[in-house]
Amino acid sequence: MAEPKPRDLAALLLTLTVVTGVVDAVSFLGLGRVFVANMTGNVVFFGFAAAGEATLSVLASATAVLAFLAGALAGGRLARREDDRDALRQATAVQAALIAVAVVSAATLGSGTRLGSELLIVVLGLAMGLQNAAVRRIGAPDLTTTVLTMTLTGFAADSKAAGGTGSHPLRKVAAVGAMLAGAFVGGLLQLHVAMWAALAVALVLVLGVPAVLYRTPRIANRSTGESAGR
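1. Examining the overall build of the chain
When helices and strands are counted, the chain shows nine helices and zero strands. Walking the chain from its N terminus toward its C terminus, one meets helices and strands in the order α-α-α-α-α-α-α-α-α. Computed over the C-alpha atoms, the radius of gyration of the chain is 17 Å, within 12% of the 17 Å expected from 2.2 N^0.38 for a compact globule of 230 residues. Once the C-alpha set of the chain is aligned to its principal axes, its extents read approximately 50 × 40 × 35 Å.

2. Quick look at a nonpolar patch on the surface
Together, Phe184, Val185 and Leu188 line one region of the surface with nonpolar side chains, adding up to about 270 Å² of accessible area. You can see Val185 is positioned in helix α7 (residues 169-192). The partly exposed category is assigned to Val185, whose relative accessible area is 35%.

3. Looking at the side chain of Lys172
As for its placement among the helices and strands, Lys172 is situated in helix α7. Residues within four places of Lys172 in sequence aside, it is in contact with Asp142, Thr151, Gly154, Phe155, Asp158 and Ser167.

4. Structural notes on the packing of aromatic side chains
Applying the stated criterion across every chain, the model contains three aromatic pairs. The interplanar angle of 35° and the centroid separation of 6.1 Å between the aromatic rings of Phe28 and Phe45 together place this pair among those described as tilted. Residue Phe28 is found in helix α1 (residues 6-30), and its partner Phe45 is found in helix α2 (residues 39-50); the two are separated by 17 residues along the sequence. Residues Phe35 and Phe45 carry aromatic rings whose centres are separated by 5.4 Å and whose planes lie at 20° to one another, so their mutual orientation is stacked. Within this pair, whereas Phe35 is found in the loop between α1 and α2, its partner Phe45 is found in helix α2, the two being separated by ten residues in sequence.

5. Brief notes about the packing of helix α4 (residues 84-108) against helix α5 (residues 114-138)
Their axes nearest at 9 Å, the elements α4 and α5 cross at an angle of 165°. The angle between α4 and α5 places the two elements in the roughly antiparallel class. The crossing of α4 and α5 is left-handed. Residues of the contact of α4 with α5, tallied by class, amount to 20 nonpolar, three polar and two charged.

6. Quick word on the nonpolar core
In terms of nonpolar packing, the biggest core is built from 32 residues, with Val23, Ile99, Leu124 and Leu199 touching the most fellow members. Ranked by residues supplied to this core, first place goes to α5 with seven residues. The residues contacting Leu124, other than those within four sequence positions of it, are Val23, Leu31, Val36, Ile99, Ala102 and Leu199. Membership of the second largest hydrophobic core comes to 20 residues, among which are Leu9, Leu13, Leu88 and Leu213.

7. Quick word on the packing of α7 against helix α8 (residues 195-214)
For the pair α7 and α8, the least separation of the axes is 7 Å and the interaxial angle reads 150°. In terms of their interaxial angle, α7 and α8 are classed as roughly antiparallel. α8 is crossed by α7, and the crossing has right-handed handedness. Between α7 and α8, the contacting residues are Val185, Gly186, Leu189 and Gln190 on the first element and Met195, Ala197, Ala198 and Val201 on the second.

8. Quick look at α4
Relative to the 36 Å expected for 25 residues at 1.5 Å per residue, α4 spans 36 Å between its end C-alpha atoms, a close match to the ideal helical length. Of the residues trailing α4, Gly110 is marked for its positive phi of about 75°.

9. Section: the pattern of salt bridges
Considering all chains together, one arrives at one salt bridge under this definition. Salt-bridge contacts for Arg89 lead to Asp86; the nearest nitrogen and oxygen are separated by 2.9 Å. Of the two residues, Arg89 and Asp86 both sit in helix α4, three residues apart, roughly one turn of that helix. The class of Asp86 is buried, set by a relative accessible area of 14%.

10. Things to note about the confidence of the model for the chain
In this model, the chain carries a mean pLDDT of 87, and residues with pLDDT of at least 70 account for 90%. Residue range residues 1-5 is modelled with pLDDT below 50. Its contacts to residues more than four positions away, or to other chains, number ten contacts. Contacts of residues 219-230 to residues separated by more than four positions or lying in other chains number 31 contacts, the stretch itself having pLDDT below 50.

11. So, the environment of Gln190
Within the secondary structure layout, Gln190 lies in helix α7. Among the residues examined, Gln190 registers a relative accessible area of 16% and is labelled buried. Here the alpha-carbon distance between Gln190 and Gly30, two residues 160 residues apart in the chain, equals 7.0 Å.

Cut-offs and rules
- In every chain, residue numbers begin from 1 and rise along the written sequence.
- Under the rules for a predicted model, residues below a pLDDT of 70 receive no local features and side-chain atom pairs below 80 are neither given nor counted, while totals for whole chains, interfaces and linings still include all residues.
- Where side-chain values are given, they derive from all heavy atoms of the structure, hydrogens and water being excluded.
- A run of DSSP states H or I qualifies as a helix once it reaches four residues; a run of E qualifies as a strand once it reaches two. Both are numbered from the N-terminal end.
- Only C-alpha atoms enter the radius of gyration, while the globule expectation follows 2.2 Å times N to the 0.38, with N the number of residues.
- What goes into a patch is any residue over 30% in relative accessible area without a salt bridge, connected to like charges within 9 Å or, for nonpolar side chains (Val, Leu, Ile, Met, Phe, Trp, Tyr), within 5 Å.
- Accessibility throughout is a Shrake-Rupley quantity obtained with a 1.4 Å probe, and a residue counts as covered only by protein chains that appear here.
- Just to be clear on terms, a salt bridge is a Lys or Arg side-chain nitrogen sitting within 4 Å of an Asp or Glu carboxyl oxygen.
- Buried means the residue's accessible area, taken with a 1.4 Å probe over protein chains only, is under 20% of the maximum for its type, while exposed means over 50%, and partly exposed covers the values in between.
- Only heavy atoms matter for contacts: two residues are in contact if any of them lie within 4.5 Å across the pair.
- A pair of Phe, Tyr and Trp rings is counted when the ring centres sit within 6.5 Å of each other, with Trp represented by its six-membered ring. The angle between the planes then sorts it: under 30 degrees is stacked, over 60 is edge-to-face, the rest tilted.
- With axes taken as lines fitted to C-alpha atoms, and helix axes fitted only over the stretch in contact, angles between N-to-C directions fall between 0 and 180 degrees.
- Oblique is the label for every angle not falling under 35 degrees (roughly parallel), over 145 degrees (roughly antiparallel), or within 65 to 115 degrees (roughly perpendicular).
- Two helices that cross are described as forming a left-handed crossing if the nearer one is turned anticlockwise from the farther one by less than a right angle, and a right-handed crossing if clockwise.
- Amino acid classes used here: Ala, Val, Leu, Ile, Met, Phe, Trp, Tyr, Cys and Pro are nonpolar; Asp, Glu, Lys and Arg are charged; the rest, including Gly, are polar.
- We define the nonpolar core as a collection of buried residues of types Ala, Val, Leu, Ile, Met, Phe, Trp, Tyr and Cys that are connected through side-chain atoms lying within 4.5 Å of one another.
- The length a helix should cover is 1.5 Å for every residue beyond the first.
- You can read pLDDT as the predictor saying how much it trusts each residue, on a scale of 0 to 100.

Now the structure itself:
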């Protein structure tokens, strides 16, 4: 069986970008205005909370950052033992297990108590740290799956209007669209259905990534990952 092409890899990364939108919608809307994937936002929120903004929590922001770092640490160690395919496959398999724990926790404990909320922040932060460490190894700058700042910068700065080559504009737009779609679906379910339902959608999407990778003998080695990011 042929190894996945860069275009197939991009589809997997876009799927994980949708997941980011979903889980950050859940965490921001349901866990006290905190992100579990967007660490830039958490650092800023930490500063606002420390300055006295009563609607933000220093504890929640710090918990999310520390959980994310722990997940990224585990994902980094995994990435150094495996090739790109196995690192992404194993990281997303563990990520799926963590999100499954979050689904069960949201359905049983809920987020109404500090314990339930902090548990969900920790579990989801670990899951997103793992995702980021695995995706970082692949090295596709326009498809980081959690941060859109450089994607939007590249869309404008690399465009022909700016004198650039205008490479992969559709992929950049797709990354923004994937995050937006995930945030919309996650927000809709969080606000109008239930937290566990939004997390269940994220779980299904994450499970699709290792399922695809298990069916292929190899995914992008470093050279393929670099070509995916060009």
